[in-house]
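# Results of the structural survey
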Amino acid sequence: MESSPIGWGGSLSAGMRDAAQEKRSEAMQAMSDGNREKAVEVFTEAILQNPQMASLYAKRASAYVKLRKPNAAILDCNRAIKLNPDSAQPYKWRGMAYRKLGEWQKAVKDLDMCCKLDFDEDAYTMAKEIRPKVQKIAERQREIERFREEKEKRARIKRVKKVRAEQERARKEEEERQAKMGGMGGGFPGGFPGGFPGGFPGGFPGGAAGGHNMPGFGMPGGMGGMGGMGGGMPGGGGGGGMPDMSEVLNDPDLLQAMQDPEVMLAFQEVQADPSKMGKYENNPKVQRVINKLSQRFGQGGAAGNATPKPDAREHTFAHDDVD
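For the rest of this paragraph, the subject is the packing of helix α3 (residues 54–66) against helix α4 (residues 70–83). At a minimum axis distance of 8 Å, the contact between α3 and α4 shows a crossing angle of 160°. Considering the angle they form, α3 stands roughly antiparallel to α4. Judged by the twist between their axes, the crossing of α3 over α4 is left-handed. Contacts between α3 and α4 involve Ala-54, Tyr-57, Ala-58, Arg-60, Ala-61, Tyr-64 and Val-65 on the former and, on the latter, Ala-72, Ala-73, Asp-76, Cys-77, Arg-79, Ala-80 and Leu-83. Across the contact of α3 with α4, the residue classes tally to 11 nonpolar, no polar and 3 charged.

So this is what it looks like as structure tokens:
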């Protein structure tokens with residue numbers, strides 16, 4: 001049978017095995033003579049005769065290590081370990097190759113494996129020599145890991161502090177906003193300019209003559225159909241007058257509406273100059289308050305819309321004046 005190149009399948013003949021052994025002996029002699037280049041060449045011929053013999057790859061790897069070709073040695077050892085994982089020599093020479101590359105951790109691991117499978121003095125000595133370097137590397141890695149963990153911890157604390165600071169800032173801003181909303185113009189009671197009661201400029205709605213009205217205050221004349229009533233809400237004239245102030249203070253809708261600065265400003269502006277009413281015709285918030293006030297103070301004003309009967313005494317006084 002003809003010899004099979006590397007990578008081909010098929011069984012090996014006895015002649016091929018014998019030829020591989022002869023080449024192996026010749027290569028070992030070249031190694032003894034210090035002719036490592038020739039040893040690599042002859043080991044290669046032996047591998048061509050028997051590519052399934054793990055020891056041939058390990059022996060060629062030893063020649064590569066001594067020729068300072070660690071990468072080639074590692075490839076041969078990988079192949080040898082794949083063919084025979086229980087062989088110690090491939091681990092020994094791969095460990096030696098890793099040592100030349102400065103990969104101390106991999107080197108110690110392979111050298112220790114070699115001694116575990118079959119104790120080797122050279123492998124043991126080499127592992128003992130480079131183990132302190134491995135320990136220093138391990139310590140350095142632990143320091144790096146601790147530094148990384150501390151850095152992450154500091155970053156995490158910083159993020160938490162930032163979030164808490166933002167939450168605190170938002171809380172204070174909300175408190176300030178609530179304080180401004182609740183204390184606009186001085187707050188309730190008495191928070192509007194002048195305060196309650198009678199605190200609005202000119203007093204509270206229902207300023208027409210009557211026994212219970214707030215002095216001098218009135219919405220623009222004629223609101224809600226009471227034309228010509230200077231400063232009175234609908235139903236505000238006559239004897240009905242102004243409802244009790246507690247009714248206004250206890251009205252949550254009015255109190256809530258007055259906390260809106262825009263409504264507050266409009267209300268004060270209209271109070272100061274009733275001609276400004278038209279300015280807010282298209283403002284739903286202001287109109288809602290005006291309508292609410294109209295309804296609120298119109299409840300007790302129905303009686304005021306009716307023409308009162310003249311008092312008998314007034315009639316008598318009139319008579320006396322005529323006489």
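So, about the side chain of Arg-94. Relative to the assigned elements, Arg-94 resides in helix α5 (residues 89–100). When neighbours within four sequence positions are excluded, Arg-94 is seen to be in contact with Ile-74, Cys-77, Asn-78, Ile-81 and Asp-110.

Applying the stated criterion across every chain, the model contains 19 salt bridges. Linking Lys-285 and Glu-262 is a salt bridge whose minimum nitrogen-to-oxygen distance equals 2.7 Å. Of the two residues, Lys-285 sits in helix α11 (residues 284–298) while Glu-262 sits in helix α10 (residues 261–272), which places them 23 residues apart along the sequence. The class for Lys-285 is partly exposed, based on a relative accessible area of 30%. Residue class for Glu-262 comes out partly exposed when judged on its relative accessible area of 36%. Shared partners join several salt bridges into a network, and the residues in it are Lys-23, Glu-26 and Glu-45.

Structurally, a disulfide amounts to a covalent bond that connects the sulfur atoms of two cysteines. Per the counting criterion, the structure on display carries 0 disulfides. As a non-bridged cysteine, Cys-114 has Cys-115 as the owner of its nearest cysteine sulfur, 5.1 Å distant. For Cys-114, a relative accessible area of 0% puts it in the buried group.

For the coordinates displayed, the defined rule picks out 1 aromatic pair. Relative to Tyr-124, the ring of Phe-119 lies with its centre 5.6 Å away and its plane at 45°, an arrangement referred to as tilted. Exposure remark for Tyr-124: the relative accessible area of 41% places this residue in the partly exposed category. Directly above the ring of Trp-104 sits Lys-133, whose terminal nitrogen or CZ lies 4.2 Å from the centroid.

Rules used in this analysis
Residues numbered from 1 in each chain as written. Predicted model: local features only at pLDDT ≥ 70, side-chain atom pairs only at ≥ 80, totals over all residues. Heavy atoms only, no water. Axes fitted to C-alpha atoms, helices over the stretch in contact; angles between N-to-C directions. Helix = DSSP H or I, 4+ residues; strand = E, 2+ residues; numbered from the N terminus. Parallel < 35°, antiparallel > 145°, perpendicular 65-115°, else oblique. Left-handed = near helix turned anticlockwise from the far one by under 90°. Contact = heavy atoms within 4.5 Å. Nonpolar A, V, L, I, M, F, W, Y, C, P; charged D, E, K, R; others polar. Salt bridge = Lys/Arg side-chain N within 4 Å of Asp/Glu carboxyl O. Buried < 20%, exposed > 50% of the residue type's maximum accessible area, 1.4 Å probe, protein only. Disulfide = S-S within 2.5 Å. Phe/Tyr/Trp six-rings, centres within 6.5 Å; stacked < 30°, edge-to-face > 60°. Lys NZ or Arg CZ within 6 Å of the ring centre and 35° of its normal.

Note that all results are geometric; they support no functional claim without further evidence.
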